[in-house]
Amino acid sequence: MVKKNFIRFVLVLLCFFVIPPALTVLIHSSSAEPIRTVRVGLLAGDCQTEQGKLLLAAYEQLLNEEGFPYQIVSPGELLEYGSAGIKENFEGLVIPEFINSTMPPEVAEVIKAYVREYGGLALLVFDPATLTSGGVQRQAPLLDDLAGVRYYLPVPEGQKPTYSGYWYFTSSGKGREWGIPPGKLDEENAVNSYSYGKIKFEHSRAVNVDAQVDAFDRDGDSNIPVITKKYYESGGLAVYVNIPLGKYKLSSDDLTARSVLRTYLINDVKIPRLVNSPGGKGGIVFNLHICSGAYFRALMVMMMQGLFQKDLPFSIHITAGPDTYKLGDGAGFSAENKFKGRPILEVLKNYGEIGSHGGWIHNFFAYNLEYLPQQKAAKLIDWNFSALEAVTGKKIREYSDPGGNHPFWVNSELEKLGVNAYYYAGDSGACPTHPRLDGNNTSPKIWAFPISPYQKFASLEEMERGRVPSEKVKQWLEDLIDYSAEERTIRMVYTHPSETRFCLEAIRAFEQKALSEQKNDRITVAPMSWFADFLNRYSLTRWQVEKQNGRDYIIDLENPESLKDITIAVYVGEEHKHVVWGGNIKSAEEGGWLYLTITSNLKVAHLEIRQV
Ligand SMILES: [Zn+2]
């Protein structure tokens, strides 16, 4: 290992002192194609309205959080580039709904030629080019033949061109391919959500013509396409998604937009990205909610069975007051009482990060949050933090609401208290994000960790009560760990302490799988505040990828704090070998992707990937 590092060091020295003059000559003499920035184009048509601005912001947020390099382009700029110019300047196009519904015909023509003749890639979302400049629905959208789908079919007067329907995948494998995590599809491969079961999405009335259908909705005997792909001989591809993705992100469903964008940009466009998880590995948060004193026995059983382990630090969130239902009932965890919660808390603090669960009196707080004056509710939240901090001697940085009751104002209170991560019942199935609801956006420093549900159930006890077979729950937990490793993304599961065989076995199965995948270096199990610290640092990274001669990459990164554990994923294919220049890098190759992780506290890094 030492020897290898030394050789690499010499190589790096060579790169700096000997090769550059030679290289400069080489580059200037041999490159037919100049160096160009790698990015995807985000087409922003009419963004003047409030809704248009919000929608574009939602797309930008997703692209930023996922580390995809992009540039906003206006229809006018697209015309200036022309079809060949788009191909030269962008790896692919994302065409969001609503802001591109009144696309001028000449812009539609440029996009069509870009895909058909120049091998371009385009994601068409929901309703592009469906309206005339006067806002009247066209008989046929200008891009429907490109998509191979007749979307936004004309309807009789008085009827809406869209309706509410389900989202089925053609197989469970297809759902997985499109980034839908385990537990989010039911037996019929329809998308489910926590507490609802099968959920409905807005679709346009549409008919498939000659595209490949990956997802659909059932309408009597016929199917309405929901995700389609149409390939062209030029290498071009038009993906059509019959769901307004940005609109869902704006109404607390992050997963729908994120999984479609990720899958298109990673699998089809194969654009380099800054992986949004520490070390570019999967991440798992196990969040335990201790709502009251009713869990003492279960906690003792879990401790005796060795379910708390130092290698698997949990996020353990506690309601700390002496009461649960109402003042004076004595049913609380009572974190400061040495005959009740205190000795247990002193053990638990060694097995993860202690977080705050609601406001002092679990059920009272959960049921009355919207009726209490904000100041009073904030006081209850504060008490909970203070009690836990007094016992643990540590700052509390994590929060979970009781009963899924998390109004947006709570976040500013949490921010004041120094919280950087909280459990979140919205955006279910997604990775840590900044939720948006009714146009509200949360502080960029504080991360929501959405629940990963199993169909309509979230906690293990709900699954037990819902009579989900034990084997299915174990399988789901193991699959979720594999999913997080394969997708290199972070997911959170939550439950309560329990002493039932069903729950204990599920937790044990989870832990065995988590320990072994952690040993294999595929995932990290850590508290949510640890991941949030990383994500806050990650979001400070400025970076740029350039492509040279269509096969080599030059990457520059900068982070005012540190680049440590930041990973860049670059698709290089499996046919050729590549060398990476640049020090302090751990490199791994998987499925044609090169994952380069910075291993030391650099603030600036320059990497080159060259085909040999
Ligand atoms: Zn609770």
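All chains use their own residue numbering, which begins from 1 and follows the written sequence. Local features in this predicted model are restricted to residues of pLDDT 70 or higher, and side-chain atom pairs are both shown and tallied only at a pLDDT of 80 or more, whereas totals for entire chains, interfaces and linings draw on every residue.

## Considering the sheet that holds strand S15 (residues 237-241)
The strands making up a sheet associate through hydrogen bonds between their backbones, and the pairing can be parallel or antiparallel. In plain terms, the rule: Strand pairing is defined by DSSP finding a minimum of two bridges between the two strands. Secondary structure is summarised from DSSP: a helix means a run of H or I of at least four residues, a strand means a run of E of at least two, and numbering begins at the N terminus for each.
Here 8 strands make up an open sheet; going across it, the order is S3-S2-S4-S5-S15-S14-S13-S8 and the pairing mixed. Two strands lie at the open edges of the sheet, namely strand S3 (70-73) and strand S8 (168-169), each paired on one side alone. Bridge analysis of strand S2 (residues 40-43) against S3 gives 4 bridges, and the strand direction is parallel. Looking across to S3, one finds that Gly41 is bridged to Gln71.

## Some details on the sheet that holds strand S27 (residues 542-548)
Spatially, the 5 strands line up as an open sheet ordered S1-S27-S28-S33-S30, and their pairing is antiparallel. Since the sheet does not close on itself, it has two edges, and those belong to strand S1 (36-37) and strand S30 (578-581), each with one partner.

## A few points about helix H11 (residues 341-348)
Operational definition: Once C-beta atoms are placed from the backbone, each residue is buried if 20 or more other C-beta atoms lie within 10 Å of its own, exposed if 12 or fewer, and partly exposed for counts between those two. The arc in question is the one traced by the directions running from the helix axis out to the C-beta atoms. Throughout, a residue-residue contact means that the two C-beta atoms, derived from backbone geometry, are no farther apart than 7 Å.
Within the span of H11, buried status applies to Gly341, Ile344, Leu345 and Leu348. Taken end-on, H11 shows its buried residues confined to a sector of 100°, consistent with a single buried face. The exposed set on the far side of H11, more than 90 degrees from its buried face, consists of Pro343 and Val347. Where the residues of H11 are buried, they touch helix H10 (296-304), strand S18 (314-318), strand S19 (352-357) and helix H13 (374-392).

## A short note on the domain arrangement of the protein chain
We apply this condition: For the domain bounds, the source is a domain assignment made automatically or taken from a database. All amino acids are sorted into three groups, where Ala, Val, Leu, Ile, Met, Phe, Trp, Tyr, Cys and Pro are nonpolar, Asp, Glu, Lys and Arg are charged, and the leftover types, Gly among them, are polar.
Once the domains are mapped, the protein chain shows domain 1 (2-33 + 540-611), domain 2 (40-274) and domain 3 (278-535). Placing the centre of domain 2 and that of domain 3 at their C-alpha centroids yields a distance of 35 Å. Between domain 2 and domain 3, the residue contacts involve 24 residues of the former and 26 residues of the latter. For the side of domain 2 that touches domain 3, the elements supplying multiple residues, two or more each, are helix H3 (50-65), strand S9 (192-193) and helix H9 (254-268). Top element by residues in the side of domain 2 that touches domain 3 is H3. It accounts for 4 residues. When its residues are assigned to classes, the side of domain 2 that touches domain 3 shows 8 nonpolar, 9 polar and 7 charged.

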